[in-house]
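# An overview of the molecular structure
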Amino acid sequence: MGFRAFGGRACKLVAHVGLAVGLAVALLAAGEADAKSRKKKPAPIPAYATSVAWGAVTGPSLGAAKSIGGYAAGCIAGARALPPEGVGYQVIRLSRQRNYGHPVLVDMLRDFGQRVALAGLGTALIGDMGQARGGPMPSGHASHQIGLDADVWLRLDLPPMGRSGRERLDEIKYVDYDRMRVSGDWSDRQAKMVQIAASDARVTRIFVNPAIKLAMCQRSWADRSFLNKLRPWHGHDGHMHIRLGCPAGSPQCEQQDAQPEGDGCGDELMSWLDSAAPAIEHPPGYKPEPRVVRKMPAACAPVLNAAGTRMASLADTAAAPAKAAR
């Protein structure tokens, strides 16, 4: 009898607890629903944060050159175009209109071309630098946004060519991914060209495939200090990605952290060799989704909308009068 009475009280207690828990759950669900109903709609993405806006700009802004923001979230005011051809170099794929950069980058590349020619290496192929006012590109790069990055192809077998002939060229891949070593096409000329670029005091980093970094480490160099600037990265098997540090007169430029000490030929490089992968190749006609950079500096908005000049016709080698443009 006592047992049945105790069981009855227990059942009532359980019922009360269940009712309380159910009420709490209902109140919590109602609160969440109310919070969702009161949640604000996401703020619209400003034009200065999208690749669509920056890709549509026809020329640099007027005024002094200033790199603003970080390499993967920024812009450049007062950029200059690298001339399509010069001593020791020629710009490829000019139709992409990505041969702009800070004047310091333009000067560095012209000096680089002269040193390549003086060394008797051939003609350097300058690939993507940046857009007329920097910012995110519709395709190809997350960085290259503040006028301080440039891709230089590693092949040196082509003579000076006309501009139309430089539109559709193929990279030579210098990495054998089965062995994770450089391929048989790699030679002293490629190594010397990388060394020339890395020895320039204006250059802070050069991104290359880990196998290329290893090949550079294994060579005998009178001065090995430049090897510190060679940073292993995925892809980068047919070109080197040159990066300059923030130039004077650009207080809003975000400098990268200093490199680790040493030549970088030790354990870190070995770990890269275990995981390196080729860049993803997209088929012809591939159209990526517009890129959005949510941390784009607000200071880039006036750069995007500033007065500027239009790009001269690529087919005309003579100087063309500037036209006002956004």
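Just so it is clear, the structure is predicted and the values come from calculations on it, not from any experiment. (Residues numbered from 1 in each chain as written. Predicted model: local features only at pLDDT ≥ 70, side-chain atom pairs only at ≥ 80, totals over all residues. Heavy atoms only, no water.)

## Details of the packing of aromatic side chains
- Counted by the stated rule, this structure contains four aromatic pairs.
- Plain terms: the ring middles of Phe 207 and Trp 233 are 6.0 Å apart, the flat faces sit at 65° to each other, and that makes the pair edge-to-face. Of this pair, Phe 207 sits in strand S11 (residues 203–208) while Trp 233 is found in the loop between strand S12 (230–232) and strand S13 (239–244), placing the two residues 26 residues apart along the sequence.
- What makes Trp 233 partly exposed here is its relative accessible area of 43%. (Phe/Tyr/Trp six-rings, centres within 6.5 Å; stacked < 30°, edge-to-face > 60°. Helix = DSSP H or I, 4+ residues; strand = E, 2+ residues; numbered from the N terminus. Buried < 20%, exposed > 50% of the residue type's maximum accessible area, 1.4 Å probe, protein only.)

## Notes on the pairing of S11
- The buried count for S11 comes to five of six residues, which makes it a mostly enclosed element.
- Here S11 pairs with S13 via four bridges, running antiparallel. Each bridged residue has a counterpart across the sheet, and for Ile 206 the counterpart in S13 is Ile 242.
- Across three bridges, the pairing between S11 and S12 is parallel. Considered in S12, the bridge of Phe 207 is made with Arg 231.
- Each parallel crossover has a hand, and the one from S11 via helix H5 (residues 210–217) to S12 is right-handed. (Pairing = 2+ DSSP bridges. Right-handed = clockwise from strand over helix to strand, strands pointing away.)

## Some points on the state of the cysteines
- Enumeration according to the criterion identifies three disulfides in this entry.
- Across the disulfide from Cys 75 sits Cys 300; the S-S distance is 2.2 Å. As the torsion about the S-S bond is roughly -95°, the Cys 75-Cys 300 disulfide counts as left-handed. Of the two residues, Cys 75 sits in strand S2 (residues 73–77) while Cys 300 sits in helix H7 (residues 300–305), which places them 225 residues apart along the sequence. Neither Cys 75 nor Cys 300 differs from the other in exposure class; each is buried.
- Between the sulfur atoms of Cys 246 and its disulfide partner Cys 253 the distance amounts to 2.1 Å. Around the S-S axis, the bridge from Cys 246 to Cys 253 shows a dihedral of about -75° and counts as left-handed.
- Overall, the relative accessible area of 11% leaves Cys 253 in the buried class.
- Along the chain, the cysteines that take part in disulfide bonds pair up as 1-6, 2-5, 3-4, counted in sequence order. (Disulfide = S-S within 2.5 Å.)

## Some words on the pattern of salt bridges
- All chains considered together, the criterion is met by 15 salt bridges.
- Between Arg 243 and Asp 149 there is a salt bridge; the shortest N-O distance is 2.6 Å. Pair noted here: Arg 243 is in strand S13 and Asp 149 is in strand S8 (residues 149–153), with a separation of 94 residues, a long-range link.
- Its salt-bridge partner being Arg 231, residue Glu 268 comes within 3.0 Å of it at the nearest N-O pair. Placement of the pair is Glu 268 in helix H6 (residues 267–273) and Arg 231 in strand S12, with a sequence separation of 37 residues.
- Look at the salt bridges and you will find they share partners, linking Glu 85, Arg 163 and Arg 166 into a network. (Salt bridge = Lys/Arg side-chain N within 4 Å of Asp/Glu carboxyl O.)

## So, the packing of helix H3 (residues 103–118) against helix H4 (residues 188–198)
- Packing of H3 against H4 brings their axes to within 10 Å, and their N-to-C directions diverge by 145°. Handedness of the H3/H4 crossing: right-handed. Here Phe 112, Arg 115 and Val 116 of H3 lie close against H4, whose contacting residues are Met 193, Ile 196 and Ala 197.
- Class assignment of the residues belonging to the contact of H3 with H4 gives a composition of five nonpolar, no polar and one charged. (Axes fitted to C-alpha atoms, helices over the stretch in contact; angles between N-to-C directions. Left-handed = near helix turned anticlockwise from the far one by under 90°. Contact = heavy atoms within 4.5 Å. Nonpolar A, V, L, I, M, F, W, Y, C, P; charged D, E, K, R; others polar.)

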